[in-house]
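Residue-level listing of the chains:
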Amino acid sequence: MSDMNALLDPARFADLTTRAARDPETFWSDEARRLEWIAPPSHARNGRGWFSDGLLNASANCLDRHLATRGDKVALIFQGEDEDTVLRLTYRDLHAQVCRMANVLRDHGVGKGDRVAIHLPSVPEGVIAMLACARIGAMHVVLFGGFSAEALADRLADSGARLVITADMGRRGAKQIPLKATMDRAIALRGESVETVLVVAVTGEDAPMTPGRDHALTPLLEVASAACTLEPMSADDNLFLLYTSGSTGKPKGMVHATGGYLLWAAYTHALAFDHREDDVFWCTADIGWITGHSYLTYGPLANGGTILIFEGMPSHPHPGRWWDVAQKHRVTTLYTSPTAIRALMREGDDVPARHDLSALRVLGTVGEPISAEAWTWFSTVIGKGRCPVVDTWWQTETGGIMIAPIPGSGTAKPGAAMRPLPGVQPILLDERAQPITGAGEGVLCITNAWPGQARTIWRDDALFCTTYLDPYPGYYFTGDGARRDEDGDLWITGRVDDVINVSGHRIGSAEIEDALAAEHVFAESAAIGIPHDLKGQGIVVYVVPRETAAADDAERAEALAKQAIAAVGKRVGRYAAPEQVFVVPDLPKTRSGKIVRRLLRKIACNETEGLGDLSTLADPELVPALIAKILG
Ligand code: WTA
């Protein structure tokens, strides 16, 4: 295994790439030995399935298999918001806690195939609950703590979750987030399937409890047994579903299966971060997103690593809090987002300079394009020029990292020069769906299947096909655009669909527009993303009031703009709050009635030169009127 991980020269990287491309069946059958199987698979790929006749359990792979050799090794370090709250769980401790949690779930009637919603802040119980579900074959559905009650309700209803694990409160800096109260509202709205709610005491605040349905978790764990038999799972049995945003307003429950996903998480974690036995791996993502699944939980634990979970925020209660954490726990690998890097950069170089970051070995980023400036800062100020910066491109749908300059594979370029991992074959297609060979820019597709690929969309396989497989027949369509430079390196240019990326969080334009449509005062709306210094993209919304005259009345327009922001907060969540709302009499449309978002983007960015031919619009006069109104 250690041999498989030591990938520190370009020749070996090239050799792996060639072998994976030439004979994927053999390559992936060999790689599957990274996992511990109850019954090893006799083959690799089988249509959309992988390792189909193999039997395994993901929690056993992350825990039980390490007990003999790493029982006393620290598996999980928890740094609380309070400096003094530190928890170190060995593999033996974590195993026991997961078993207790799994027994509590079983006692409440949860079994194989049932869905369990996990709605928690960054505390160890999140990882413990995920692994407990995996142990008994239940699918976890982690719900981001920033979702509104309405957004939670949609996901509870779609997943049909029987049991919910939430917390009395979450902490966000000095603020408290009433998770349990929000979940209660969600269940009241559309949580018919929910039979049981287990409540983690994070702050110890009194949370409202519904007798018969709600239980404090701690007393149940205290009496639960620390031994729990595991459910043998077929490699193709579902491990979890996780909601993500696309072009439709409805959130998509991406389904990942046990064997292929777990292998992808382990394989990519080992390669992309050059994982070593003594690493302390800090992935700053929330478990509510795929990064928190693959690199806070499954990848590093399957590889027997030590993970760090930090409850707090980068700069609370003082700038440099993150660097305190990195120093104190001797973090070797820091995996974070360009948004966080931009915010930390603003605090000045003297803040990290006051810390001992000498344990750092590898730095990673994910979620959005990183600028050359942010990349260089991360590399020089944090990495002191000695740590590789791994800009990793991937998606909820891909299960794990797909394209990244992995350490040892060659030189990385500031601002994201990237090569596919061995076993991934990206392709760029032009407007006529023809492959672009050599340098050029097009839509990014993947030509081959890989083990980590999502299997379907929960209860909507047709949408899976129309979204990913049908647009470019024979290829997986990513929704992103990319450019290949003269050296053959890929640069991700951003989404080519109506997905907006705010601080690395995917938000569909349609989600925002549906939220606004539910307020009956708006006849129509369009949400677009525009560049934002800190967040990468910010959301701008154009709304057309039913009473068109309101657009010309400053006071009414202001009230409508406030109502629009409140509506998005209520139906999606505060993380999706628009930066700006323009109340306008109409939206520019083609003669066939399609909103021309390109023009809305240009106007919002104050780029009114070269708007192109407006004569094809249904109302060519509207654009100058909008410009006059918005830009004055
Ligand atoms: C974007 C997050 C540029 C991209 C793991 C993708 C990136 C979407 C990068 C997936 C990167 C992710 N450079 N863009 N390194 N990584 N993206 O599903 O648009 O939350 O399609 O998965 O984020 O977001 P998701």
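As recorded in an unreviewed UniProt entry, the protein goes by Acetate--CoA ligase and comes from Tanticharoenia sakaeratensis NBRC 103193. UniProt, in its Sequence similarities (unreviewed entry) section for the protein, records the words "Belongs to the ATP-dependent AMP-binding enzyme family."

This part covers the overall build of the protein. Secondary structure summary: the protein contains 20 helices and 30 strands in total. In terms of overall dimensions, the protein has C-alpha extents of about 75 × 65 × 55 Å along its principal axes. Expressed as a percentage of its 632 residues, the buried residues of the protein come to 59%. In the protein, once contacts between residues fewer than 6 apart in sequence are set aside, the share between residues at least 24 apart is 71%. Counting 62 positive and 79 negative side-chain charges, the protein places the centres of these two groups 1 Å from one another.

Another point: the UniProt feature "domain: AMP-binding enzyme C-terminal" (unreviewed entry) in the protein. Here, UniProt's "domain: AMP-binding enzyme C-terminal" (unreviewed entry) annotation points to residues 511–594. The distance from the first to the last C-alpha atom of residues 511–594 is 18 Å, and the span holds 30% helix and 30% strand.

This brings us to helix α10 (residues 258–272). Taking 1.5 Å per residue as the helical rise, α10 with its 15 residues ought to reach 21 Å, and the 21 Å between its terminal C-alpha atoms agrees with that figure. In terms of burial, α10 is a largely internal element, 15 of the 15 residues being buried. One or two positions beyond α10, positive phi appears at D274, with a value near 45°.

Bringing the state of the cysteines into the picture now. Within this structure, the stated rule accounts for zero disulfides. The thiol sulfur of C445 is not disulfide-bonded, and the nearest other cysteine sulfur, from C465, lies at 15 Å. You can call C445 buried: its relative accessible area is 0%.

Glancing now at the site of the ligand. What surrounds the ligand is a group of 17 residues, the closest being D391, T392, T396, D480 and R506. The separation between an oxygen atom of the ligand and a polar side-chain atom of R495 is 2.7 Å. Within the complex, 96% of the 530 Å² of free accessible area of the ligand lies under protein. Counting only elements with at least two residues in the shell around the ligand, the list comes to α11 (290–302), β20 (389–392) and β25 (490–495). Each residue belonging to the shell around the ligand can be placed in one class, and the counts come to six nonpolar, six polar and five charged.

Let us now look at the domain arrangement of the protein. We note that the domain assignment places domain 1 (10–312 + 392–446) and domain 2 (499–631) within the protein. Using only C-alpha atoms to locate each centre, domain 1 and domain 2 end up separated by 35 Å. When domain 1 packs against domain 2, close to 1,200 Å² is buried across both sides, 46% of that on carbon and sulfur atoms. Its largest share of buried area at the contact with domain 2, domain 1 owes to E150, S245 and G249, together 38% of the area lost on that side. Remark: the boundary between domain 1 and domain 2 carries two salt bridges. Ionic pairing is found between R155 and E511, a salt bridge with its closest N-O pair at 3.9 Å. Among the elements that line the side of domain 1 that touches domain 2, the one with the most residues is helix α7 (residues 149–159), at three residues. Its residues placed into classes, the side of domain 1 that touches domain 2 shows four nonpolar, 10 polar and four charged.

It is worth spelling out the pairing of strand β15 (residues 252–257) at this point. Along β15, six of the six residues are buried, which leaves the element largely enclosed by surrounding structure. Across the two faces of β15 the burial is the same, with K252, M254 and H256 and G253, V255 and A257 all buried. As paired elements, strand β14 (residues 238–244) and β15 share six bridges and run antiparallel to each other. From the neighbouring strand, F240 faces β15, where its bridge partner is H256. Bridge analysis of β15 against strand β23 (residues 456–457) gives two bridges, and the strand direction is antiparallel. What sits directly across from M254, in β23, is I457.

On to the side chain of T336, then. Relative to the assigned elements, T336 resides in strand β18 (residues 333–336). One polar contact links T336 to T284, side chain to side chain, over a distance of 2.9 Å. Apart from residues no more than four positions distant in its own chain, T336 is found in contact with T284, W322, I341, G364, T365, V366 and F378.

Let us now look at the sheet that holds strand β24 (residues 476–484). With antiparallel pairing, the four strands of this open sheet are ordered in space as β21-β22-β24-β25. At either margin of the open sheet sits one strand with a lone partner, and together these are β21 (426–429) and β25. Sheet twist, expressed as the mean angle between neighbouring strand axes with direction ignored, is 45°. Bridging between β21 and strand β22 (residues 440–446) involves four bridges; their strand directions are antiparallel.

Let us look at the side chain of E511. Along the chain, the position of E511 falls in helix α17 (residues 509–517). The exposure class of E511 is buried, given its relative accessible area of 9%. Polar side-chain contacts of E511 include one of 2.5 Å to the side chain of S245. With sequence-adjacent residues up to four places away left out, E511 is seen in contact with R155, S245, G249 and V572.

We now examine the packing of α7 against helix α8 (residues 179–190). Two elements in contact, α7 and α8, have axes whose closest approach is 8 Å; the angle formed by their N-to-C orientations is 55°. Looking at the two axes, α7 sits oblique to α8. Where α7 crosses over α8, the handedness of that crossing is right-handed. Within the contact between the two elements, α7 uses A149, E150, L152, A153, D154, L156 and A157 and α8 uses T182, M183, R185, A186, I187, L189 and R190. Looking at the contact of α7 with α8 residue by residue, the class counts come to nine nonpolar, one polar and four charged.

As a further point, take the UniProt feature "domain: Acetyl-coenzyme A synthetase N-terminal" (unreviewed entry) in the protein. When the UniProt feature table is mapped onto this chain, "domain: Acetyl-coenzyme A synthetase N-terminal" (unreviewed entry) is found at residues 15–62. For the annotated span residues 15–62, helix accounts for 44% and strand for 12% of the residues, and the straight-line distance between the end C-alpha atoms is 29 Å.

This part covers the pattern of salt bridges. Opposite charge on two side chains makes pairing possible when the charged atoms of those side chains draw close. Counted according to the given criterion, the structure contains 45 salt bridges. Close ionic contact of K73 with E277 constitutes a salt bridge, the shortest N to O distance being 2.7 Å. Taken together, the residues K73 in the loop between α4 (58–70) and β4 (74–79) and E277 in the loop between α10 and β16 (280–283) connect sequence positions 204 residues apart. Since its relative accessible area comes to 16%, K73 is described here as buried. Ionic pairing is found between D430 and R432, a salt bridge with its closest N-O pair at 3.6 Å.

I165 and Y298 are the most contacted members of the largest nonpolar core, which totals 110 residues. Not counting chain neighbours up to four residues away, the residues in contact with Y298 comprise A58, C62, M130, L131, A134, H140, L239, Y261, L262, A265 and H293. Counting 48 residues, the second-largest nonpolar core is a separate cluster that includes V194, L241, V543 and V568.

Cut-offs and rules
Residues numbered from 1 in each chain as written. Predicted model: local features only at pLDDT ≥ 70, side-chain atom pairs only at ≥ 80, totals over all residues. Heavy atoms only, no water. UniProt positions renumbered as here; feature names shortened; annotations may be inferred. Helix = DSSP H or I, 4+ residues; strand = E, 2+ residues; numbered from the N terminus. Buried < 20%, exposed > 50% of the residue type's maximum accessible area, 1.4 Å probe, protein only. Contact = heavy atoms within 4.5 Å. Lys, Arg positive; Asp, Glu negative; His and termini not counted. Charge placed at Lys NZ, Arg CZ, Asp CG, Glu CD. Expected span 1.5 Å × (residues − 1). Disulfide = S-S within 2.5 Å. Near = heavy atom within 4 Å. Polar contact = N/O pair within 3.5 Å; in protein donor to acceptor, adjacent residues only side chain to side chain. Areas by Shrake-Rupley, 256 points an atom, 1.4 Å probe, with all protein chains shown as cover. Nonpolar A, V, L, I, M, F, W, Y, C, P; charged D, E, K, R; others polar. Domains from an automatic or database assignment. Buried area = accessible area lost by both parts, 1.4 Å probe. Salt bridge = Lys/Arg side-chain N within 4 Å of Asp/Glu carboxyl O. Pairing = 2+ DSSP bridges. Axes fitted to C-alpha atoms, helices over the stretch in contact; angles between N-to-C directions. Parallel < 35°, antiparallel > 145°, perpendicular 65-115°, else oblique. Left-handed = near helix turned anticlockwise from the far one by under 90°. Core = buried A, V, L, I, M, F, W, Y, C linked by side-chain atoms within 4.5 Å.

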